[in-house]
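Breakdown of the fold
Residue strings, one per chain:
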Amino acid sequence: MFEKILIANRGEIALRILRACREMGIQTVAVHSTADADSMHVRLADEAVCIGPASARESYLNVPAILTAATITNADAIHPGLGFLAENADFAAMVEEHGFTFIGPTPEHIRLMGDKVQAKTAARRLGLPTVPDSDGAVATIEAALEAAQRIGYPVLVKAAGGGGGRGMRVARDPDQLRGAYSVARSEAKAFFSNDAVYLEKYLTRPRHIEVQVLADGAGGVVHLGERDCSIQRNHQKILEEALSPALNAAQREEIGRTVTDAMREIGYRGVGTVEFLYEEGRFYFIEMNTRLQVEHPISEMVTGIDLVREQIRVAAGGLLGYGQDQVRLAGHAIECRVNAEHPETFLPSPGRIVEYHAPGGPGVRVDSHLYSGYVVPSNYDSLVAKLIVYGSTRNECLMRLRRAIGEYVIGGIETNLPLHRRLLGNRDFLDGHYDVHWLERFMASERSPG
C-alpha cells in the first residue's frame, strides 16, 4: 500500500480523497492555488504545497508544478480527483514516467474513451448499444448534411473531444444544421483544441442513465448499479438518483452485465462510468468517464462500497476479492448538487460564508469543504457541497431529503438550494416522471404568467 498520496485537486473532492487516505493510514499532500490557501483540505492534509496563482491554468492544470510537488514531498502516488487533469492521458503517462503511480485507469484507456468518436467505435466493438450516428467525424458541412439525411432529423452535433455540453448543438432541419455545425466546431476548437465534430440521432425525451463500474485490471469487474442523472440544465447535472425509478431489476441486470463484460474484455482498471441515453426501453451508449464522478456517493450509499478506497487499493495492485454476486443493491439514494449561484438566474455567487450549518441525522451525508468564514473563490466551478440522502425506499429518501434541505443553512452567498426545494414540491419529480429536458420545461413553466 502507498505511504503518501498527493491529491491533485481542490474543494470537496480533495477533502473526500483525503478522508479516505486518513482512514487507510496513508499520509496526504495537498496542492493548492493562492486562492485556496485556506481551503479545508489544505488545513487537514499532512503537507501542503502552493503550486501557483488563482488561475487554474497556472495551478491545478500546471503539470510541472504538480510533479515537482510530488517529488519534493516524496509522494508515492497521485490522485487526480475529478475534472482538471483527471482524464488527461498525457498527464497520467507523465505521472508514471516520473516514477509515481497514477490512481486511475491506464493512459491508453483514458485516451480511448476521451475521444467521443473513438469511444463509440470501441463501444460497438464491445457490444454496447449506441445511438445512430455519422460513423466518425464529419469534416465538411456537406458530409454533415449527408449524414443527417441518413440518420434522420433532429440530430445532435457534438465535439469529438468534448464534454459538459460544450461544442454541442441540436439541428432540426438542414438550415439549422448549417449554423449548428459552424458553432459547434468553433466551440470545440476553443474549449478542447480540437474542432472535430460528429452527428448522432437526437432523442426527444430520453433519460440519462449511467452505470458505475469498478475493476482491478486483472479480470475482476463489478458494477454498482446505475444512477439516473436526468435532472439537468444545459447538460449540467443538478440532482442524481440511485437506483433509477425508470428501470426494473431485469433491465438493471442486463445493462450491468453488458457493461461489465465490455470492461473485462479491455482489461479496465479503476473506477469508471459508462453513460447511456435511455428511451422506450432501449439503451444508447454516449460516453465513458474514466474517473471518479461527482455523484459517486449515491452508489456508495446503495452498495456500502467505498469507491475512493477501492480506487486506491486497485491502483496499488490489489484485486477486488469479490464478485458481482457479492455486490448488494439496497435502498435508494439521492444527491443534490449545491452550487454557489443564484437559484433562478444561475449567475455565480462567490463570497464569504458568514453562517454555516450542515444537516444531519439518519441517512444524511454532506460532502463539502465549506465552513463559517471560508471565502468561496470566483475562479473555479460553482459546486460547493453535495447533499446525499439515503432511505430504504424512494419515498423515505424523498421525505428525508425534504427534511435535510430544510435544515441546511449557508449564509453569505446565494445557492441553488431553493431550486431543490421547488423540485421536491413537483408531482412529476416525486413520481419519477422526468427526462433530460424536464428541468428546463419545469423552469420555463415557473416563469410563465399564470
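Remember, predicted model here, so these are calculated numbers, not experimental data. (Residues numbered from 1 in each chain as written. Predicted model: local features only at pLDDT ≥ 70, side-chain atom pairs only at ≥ 80, totals over all residues. Heavy atoms only, no water.)

A separate point is the overall build of the protein chain. For the protein chain, the count of helices and strands is 15 helices and 20 strands. Relative to a compact globule of 450 residues, whose C-alpha radius of gyration would be 22 Å, the protein chain shows 21 Å and is just as compact. Once the C-alpha set of the protein chain is aligned to its principal axes, its extents read approximately 60 × 55 × 45 Å. Across the 450 residues in the protein chain, those meeting the buried criterion constitute 58%. Considering only residue pairs separated by 6 or more positions, the protein chain has 65% of its internal contacts joining residues 24 or more positions apart. Accessible area for the protein chain stands at about 17,800 Å²; split by element, carbon and sulfur atoms hold 48% of it. Averaging the locations of the 48 positively and 57 negatively charged side chains of the protein chain gives two centres separated by 2 Å. (Helix = DSSP H or I, 4+ residues; strand = E, 2+ residues; numbered from the N terminus. Rg over C-alpha atoms; globule rule 2.2 N^0.38 Å. Buried < 20%, exposed > 50% of the residue type's maximum accessible area, 1.4 Å probe, protein only. Contact = heavy atoms within 4.5 Å. Areas by Shrake-Rupley, 256 points an atom, 1.4 Å probe, with all protein chains shown as cover. Lys, Arg positive; Asp, Glu negative; His and termini not counted. Charge placed at Lys NZ, Arg CZ, Asp CG, Glu CD.)

Of the positions making up helix α15 (residues 438-447), those classed as buried are Trp438, Leu439, Phe442 and Met443. Buried residues of α15, seen end-on, are gathered within an arc of 130° and therefore sit on one face of the element. Packed against the buried residues of α15 are β10 (221-233), β11 (236-242), α13 (417-423) and α14 (427-430). (Arc of directions from axis to C-beta.)

With respect to the element layout, glutamate 300 can be found in helix α10 (residues 296-303). Along the sequence, glutamate 300 and leucine 424 sit 124 residues apart, while their C-alpha atoms lie 23 Å from each other. The residues contacting glutamate 300, other than those within four sequence positions of it, are Arg16, Ile305, Asp306, Leu307, Val308 and Arg365. Engagement of the side chain of glutamate 300 in a polar contact is seen with the side chain of arginine 365, the distance being 2.9 Å. (Polar contact = N/O pair within 3.5 Å; in protein donor to acceptor, adjacent residues only side chain to side chain.)

Residue tyrosine 153 is joined to proline 154 through a cis peptide bond whose omega torsion reads -5°. You can see proline 154 is positioned in the loop between α7 (141-151) and β6 (155-159). Of note, the bond from alanine 242 into leucine 243 is cis; its omega dihedral lies within 30 degrees of zero at 5°. The phi angle at asparagine 74 is positive, at roughly 60°, despite the residue not being glycine. With respect to the secondary-structure elements, asparagine 74 resides in the loop between α3 (63-72) and β4 (77-79). Among the residues examined, asparagine 74 registers a relative accessible area of 60% and is labelled exposed. Not every positive phi belongs to a glycine, and asparagine 234 is a case in point at roughly 55°.

Turning our attention to the pattern of salt bridges. Counted by the stated rule, this structure contains 34 salt bridges. Note that arginine 400 is salt-bridged to glutamate 396, the shortest N-O span being 4.0 Å. Taken together, the residues span about one helical turn, with arginine 400 and glutamate 396 both in helix α12 (residues 394-407) at a distance of four residues. Judged by its relative accessible area of 32%, glutamate 396 is partly exposed. Sharing partners across several salt bridges, the network here consists of Glu210, Arg227, Lys237, Glu240, Glu275, Glu295 and Arg337. (Salt bridge = Lys/Arg side-chain N within 4 Å of Asp/Glu carboxyl O.)

Tallied over the entire structure, the rule returns 12 aromatic pairs. With a centroid separation of 5.1 Å and 20° between ring planes, the pair formed by tyrosine 60 and phenylalanine 84 is classed as stacked. Of this pair, tyrosine 60 sits in the loop between β3 (47-52) and α3 while phenylalanine 84 sits in the loop between β4 and α4 (89-97), and the two are 24 residues apart along the sequence. Since its relative accessible area comes to 0%, tyrosine 60 is described here as buried. Look at phenylalanine 84 and you get partly exposed, because its relative accessible area is 30%. Taken together, the ring pairs connect Phe276, Tyr278, Phe283 and Phe285 into an aromatic cluster. Over the ring of tyrosine 434 we find arginine 207, and its NZ or CZ is 4.3 Å from the ring centre. Sitting above the plane of the phenylalanine 346 ring, arginine 233 keeps its charged end 3.7 Å from the centroid. (Phe/Tyr/Trp six-rings, centres within 6.5 Å; stacked < 30°, edge-to-face > 60°. Lys NZ or Arg CZ within 6 Å of the ring centre and 35° of its normal.)

Strand order across the open sheet formed by five strands is β3-β2-β1-β4-β5, with parallel pairing between neighbours. In this open sheet, the two strands that pair with only one neighbour each are β3 and β5 (101-102). The pairing of strand β1 (residues 4-7) with β4 spans three bridges and is parallel. Across the sheet, residue isoleucine 7 finds its bridge partner in β4, namely histidine 79. (Pairing = 2+ DSSP bridges.)

One way to put it is that helix α1 (residues 11-23) packs onto helix α11 (residues 307-315) with a least axis distance of 9 Å and a crossing angle of 65°. Crossing angle aside, the handedness with which α1 passes α11 is right-handed. Only Leu307, Val308, Arg309 and Ile312 of α11 make contact with α1, whose side of the interface consists of Arg16, Ile17, Ala20, Cys21 and Glu23. Split by residue class, the contact of α1 with α11 holds six nonpolar, no polar and three charged. (Axes fitted to C-alpha atoms, helices over the stretch in contact; angles between N-to-C directions. Left-handed = near helix turned anticlockwise from the far one by under 90°. Nonpolar A, V, L, I, M, F, W, Y, C, P; charged D, E, K, R; others polar.)

With that out of the way, let us pick up the sheet that holds β10. With respect to topology, eight strands assemble into an open sheet ordered β13-β12-β9-β10-β11-β14-β19-β17, the strand pairing being antiparallel. Of all strands in the sheet, those bounded by a partner on one side alone are β13 (282-289) and β17 (364-368). On average, adjacent strands in this sheet sit at an angle of 25° to one another, irrespective of strand direction. Note: strand β14 (residues 332-339) against strand β19 (residues 383-391), eight bridges, orientation antiparallel.

Another point: the nonpolar core. Where a protein is soluble and globular, its nonpolar side chains tend to be buried together. Core analysis: the biggest nonpolar cluster contains 40 residues, and Ile231, Leu387 and Phe429 have the highest contact counts within it. With five residues, α12 is the largest single contributor of residues to this core. Here phenylalanine 429 is in contact with Ile231, Leu239, Glu241, Arg394, Leu398, Leu423, Leu424, Tyr434 and Trp438, once residues within four sequence places are set aside. Within the second largest apolar cluster, 32 residues are counted, among which are Ala20, Ile103, Val294 and Ala315. (Core = buried A, V, L, I, M, F, W, Y, C linked by side-chain atoms within 4.5 Å.)

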